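Structural characterization, general
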Amino acid sequence: MSRTGDNKKRLARIESWDAPFDLSIAPLLIFLSLIPNTLVELRSTDSTRTVVLWTGIKLLSIAIWFTPLYVLDSAFKGFKRREINLFLGGIIGAILGALSGAYVFYAAKLLHVNHPDENLQRRVISTAIIGFAWLPIGLVLSQSVGNIKKIAYGKEGSPHSLIRQNFRKSAFYNSYIRKNYDAIETELAEISYKLANELTVLASNKSMILSNADKILEKLNTKSFRDLSNRIDKDVQAIRQKRNLSLRILTFRNYVSVILISVYKDMKKNPLNPRIFTYVIVVCLLGTQIRNNESVFHIIVFSSLAAALTFAMSGLAVLYWKRTEKYFFEFSIFGLTLNVFFVYLLQEYMRIHGYDPLLAGQRVKTTFLDLILFFFIYFLGHLGNAGVTAKIDIFRVSEFSKIAHAIEAEMLRDQKRLVGRRWAVHIHGKIQTKISSAALAIQQAIDKGDGSIILETIDSIRFTLAEPSTGLKQVDRVLEQELEARLSPWAGLLEYETSVDSGLSSLDAIRVRVVGEVLEELIANAVRHGGATQISINLSMNTRGGIVLYAEDNSTNLPPSGTNRSVGIGTTIFNAASLGRWKLERDQVRGKTVFQMTISPDINFDPER
Amino acid sequence: MPGLRVMLIEDDELTRSTVKEALAKKGIDVIFDTPHVADALTFAKKHRPDVAVVDYNLGKGPNGIDLANGLRKFDPSIGIVLLTSFLNPTQLPTQIAKLPKGSKYLIKHSVSEISVLIKEIEAAAAYVA
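Residues numbered from 1 in each chain as written. Chains lettered and ligands numbered in written order. Predicted model: local features only at pLDDT ≥ 70, side-chain atom pairs only at ≥ 80, totals over all residues. Heavy atoms only, no water.

Looking only at helices and strands, chain A features 17 helices and five strands. Counting every position in chain A, which comprises 609 residues, the buried fraction comes to 48%. For chain A, long-range pairs separated by at least 24 residues make up 79% of all intrachain contacts whose partners lie at least 6 apart in sequence. For chain A, the accessible area works out to roughly 29,800 Å², and carbon and sulfur atoms hold 61% of it. (Helix = DSSP H or I, 4+ residues; strand = E, 2+ residues; numbered from the N terminus. Buried < 20%, exposed > 50% of the residue type's maximum accessible area, 1.4 Å probe, protein only. Contact = heavy atoms within 4.5 Å. Areas by Shrake-Rupley, 256 points an atom, 1.4 Å probe, with all protein chains shown as cover.)

Shown next, in the form of structure tokens:
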């Protein structure tokens, strides 16, 4: 089957997948319902004491909801039909709501909370209606959160890829979420690469030293490398623990951010969600109006009008946005505010005509609280939708993730390869040289009969073996110093000239080392393989913060045209530094070999680690 | 072969001084020793030594083979002895192949037996361009 066919099949499977309903979400559900409830109470009474006690009583009502919902949780997972689950959820919500209402009523009586709502029958009915509405909403939310969770915790994708895919150009992304994610991504990348580097260096250190230990110990049986090995093992263990802890923290932060991003994404897609928005508002209004209003007729009229207004406003907003596809966020806020204003007018009308005596004289406060309530419900509506739409992203994210993992694995291999080479050169070139020289010096001292030289030489070699990595660590330099350090050793073999953009003077140490390592390989290749005797190097910064390296030399033995990507150490370094964005070409007309590379601004590859 | 004028390029100071002293004891005159490629090239252009004993690994920048090729460009008859401690079989053969014609190379372990080095220096000096 073709790759496209596979993808379609996978997409279909993902689209049909939904996280199961989760009734254990009950505490969250109650908290969610407490927010509009408390707002409604704030509307209905002037007494802070009443509101506080009322909220406290309701918090305790969590127990009424919590226990049976946990018991019923397993039963709910048995039903395969979503509608049946939701309907049963509504019935259970109504029963629990009625119980909760009765509890609240009697608790208020017991505590002498002076609340205008003193009718047991109306309270029970209203909370039953609210329960009937809220529990199915809670179930849908639990499913949505489950879907989002799948992305946040799933192995298949990272939230970062999701953002990159969907929100790159958005203003909102450029503000809060982008900052949040960039911080996470930067932190994750820094930790990952730092730890990968440390692990690689330590692992290479250990394997190199152990593989050479036997040979070295044969020559000088004075230093045990096992101590060093044990210390490295402990360091590796400590780094792994640190990494696991960091990942746990980051996973939690990712989860929270993904919820926000998914909601935002849904806001972008549906500026106002007419169905959910209207449903929740009407249920909230209906439930509370029953308590506050004497007339069933007025309740029906008020709720119907509010529903019609809400539906009309949100519907118009959607229509407008679908035509223009502009200002979706601003338009949503505007539509929502206008909606609240209409409800305000409706309430004013009812107040003036004496339909709602309990709310007399509280219009401004009520409207302000309504606005908060509407925004809250608006957010919840989008949260529900977000869970469904987020599923699709699993597919996209998984594709990006595969590529990202492949690149990451490749880079790790490159890192290991480069670190391995550095250690090999160091051990063969420096440590073994010192041992050979020491042997010769000792031999000469024996010939001379000079015991002090023998002791000095042995001390010197002991020091070298005790600290085998001395001399391997590079010092941090500014770019000009790095260029001088890399180019000056070639004096006499190669004439060089450099030109450096002033914007690069404050380059960070890692990228300075990357530039140095690239130049080192570039020059070595030009001299060794191309017989170059002259080179000119130009370094500048592009508008996106990448470092552009342009070099021309008089090599003669390079391929006449095209690129040379055969895998060697040089190629490995070039690919790692530029993520493959480099080319080497022969300019036949001018008789020059031209090398061009852009070093990414996000590069975290450190060749010297 | 007494009277040979040898130049030694080695970045490790202990090795440089030890080898120089050992060669002197055997009657070979090390007329110049340095860790730097540029200094070696400048000296060789002016004083034309018979043999250059060059360490393969000279740290950052050019290696001993780069220097050997550089020396031969202006003095086609200079003898070259390359010292290497590199035992990595995946690198050494391809690198050695790039040594100038008539060059000798020696694994550094052998330097502890100085007569081996002297034998290679004499063989390198006999090279005729």
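Moving on, there is more to tell.
On to the overall build of chain B. When its secondary structure is counted, chain B shows five helices and five strands. When the helices and strands of chain B are listed from N to C terminus, the series reads β-α-β-α-β-α-β-α-β-α. Going through the 129 residues of chain B one by one, you find that 52% of them count as buried. When contacts within chain B are restricted to residue pairs at least 6 apart in sequence, long-range pairs at least 24 apart make up 70% of them. Surface exposure of chain B reaches about 5,500 Å², of which carbon and sulfur atoms provide 54%.

Enumeration over the complete set of coordinates arrives at five aromatic pairs over all chains. The interplanar angle of 10° and the centroid separation of 4.3 Å between the aromatic rings of B:Phe32 and B:Phe43 together place this pair among those described as stacked. With B:Phe32 in strand 2 (residues 29-34) and B:Phe43 in helix 2 (residues 37-47), the pair connects residues that are eleven residues apart, well separated along the chain. A relative accessible area of 22% means that B:Phe32 is categorised as partly exposed. Aromatic ring contacts, followed pair by pair, group A:Phe574, A:Trp582 and A:Phe595 into a single cluster. Its end group placed over the ring of B:Phe74, B:Lys45 keeps NZ or CZ at 5.5 Å from the ring centre. (Phe/Tyr/Trp six-rings, centres within 6.5 Å; stacked < 30°, edge-to-face > 60°. Lys NZ or Arg CZ within 6 Å of the ring centre and 35° of its normal.)

Listed per partner, the contact involves 31 residues of chain A and 32 residues of chain B. Note on chain A versus chain B: buried area summed over both sides is about 2,700 Å², and carbon and sulfur give 54% of it. In this structure, the connection of chain A to chain B is made through two residue pairs in polar contact (both at pLDDT 80 or more). Within the residue set of the side of chain A that touches chain B, elements represented by two or more residues are helix 13 (363-448) and helix 16 (509-530) of chain A. Here the residues of the side of chain A that touches chain B sort into nine nonpolar, twelve polar and ten charged. (Buried area = accessible area lost by both parts, 1.4 Å probe. Polar contact = N/O pair within 3.5 Å; in protein donor to acceptor, adjacent residues only side chain to side chain. Nonpolar A, V, L, I, M, F, W, Y, C, P; charged D, E, K, R; others polar.)

All right, on to helix 16 of chain A then. All names here are of chain A. The end-to-end C-alpha distance of helix 16, which contains 22 residues, comes to 30 Å, matching closely the 32 Å that a straight helix rising 1.5 Å per residue would cover. Of all 22 residues that make up helix 16, 17 are buried, and the element is covered over most of its length. In the stretch just after helix 16, Gly531 is the one whose phi turns positive, near 65°. (Expected span 1.5 Å × (residues − 1).)

Before going further, it helps to spend a moment on the nonpolar core. When a protein is soluble and globular, its nonpolar side chains tend to lie buried together. Of all hydrophobic cores here, the largest spans 52 residues; its most connected members are A:Val518, A:Leu539, A:Phe595, A:Met597 and B:Leu71. If one sorts the elements of this core by residue count, helix 16 of chain A sits on top with ten residues. Those residues in contact with A:Leu539, other than ones at most four positions away along the chain, are A:Leu479, A:Leu483, A:Ser499, A:Val500, A:Asp501, A:Leu504, A:Val515, A:Ile547, A:Val548 and A:Leu549. Judged by nonpolar contacts, the second largest core, of 19 residues, contains B:Leu8, B:Ile28, B:Leu106 and B:Leu117. (Core = buried A, V, L, I, M, F, W, Y, C linked by side-chain atoms within 4.5 Å.)

Bringing helix 14 (residues 451-466) of chain A into the picture now. Residues and elements named next belong to chain A. Along its 16 residues, helix 14 runs 23 Å from first to last C-alpha, staying within 8% of the 22 Å computed at 1.5 Å per residue. Listing the buried residues of helix 14 in full gives Thr457, Ile461, Thr464 and Leu465. All buried residues of helix 14 project into a common sector of 90° when viewed along the axis, lining one side. Looking at helix 14, the residues exposed on the side facing more than 90 degrees away from the buried face are Leu455, Glu456 and Phe463. (Arc of directions from axis to C-beta.)

Our next topic: a nonpolar patch on the surface. Residues and elements named next belong to chain A. There is a patch of nonpolar side chains on the surface, built from Phe87, Ile91, Ile95, Leu99 and Phe132 and spanning about 470 Å² of accessible area. Of the residues forming the nonpolar patch, the biggest block, four residues, is contributed by helix 5 (residues 82-111). Structurally, Ile91 is set in helix 5. (Patch = residues over 30% accessible without salt bridge, like charges linked within 9 Å, V, L, I, M, F, W, Y side chains within 5 Å. Salt bridge = Lys/Arg side-chain N within 4 Å of Asp/Glu carboxyl O.)

Quick look at the pattern of salt bridges now. Applying the stated rule across the entire model yields 13 salt bridges over all chains. Residue A:Glu482 pairs with A:Arg477 through a salt bridge whose shortest N-O separation is 2.8 Å. Notably, a salt bridge pairs A:Lys583 with A:Glu585, separated by 4.0 Å at the nearest N-O pair. The exposure class assigned to A:Glu585 is partly exposed, which follows from its relative accessible area of 29%. One salt-bridge network, held together by shared partners, links A:Arg477, A:Glu482, A:Arg486, A:Glu517, A:Glu520 and B:Lys60.

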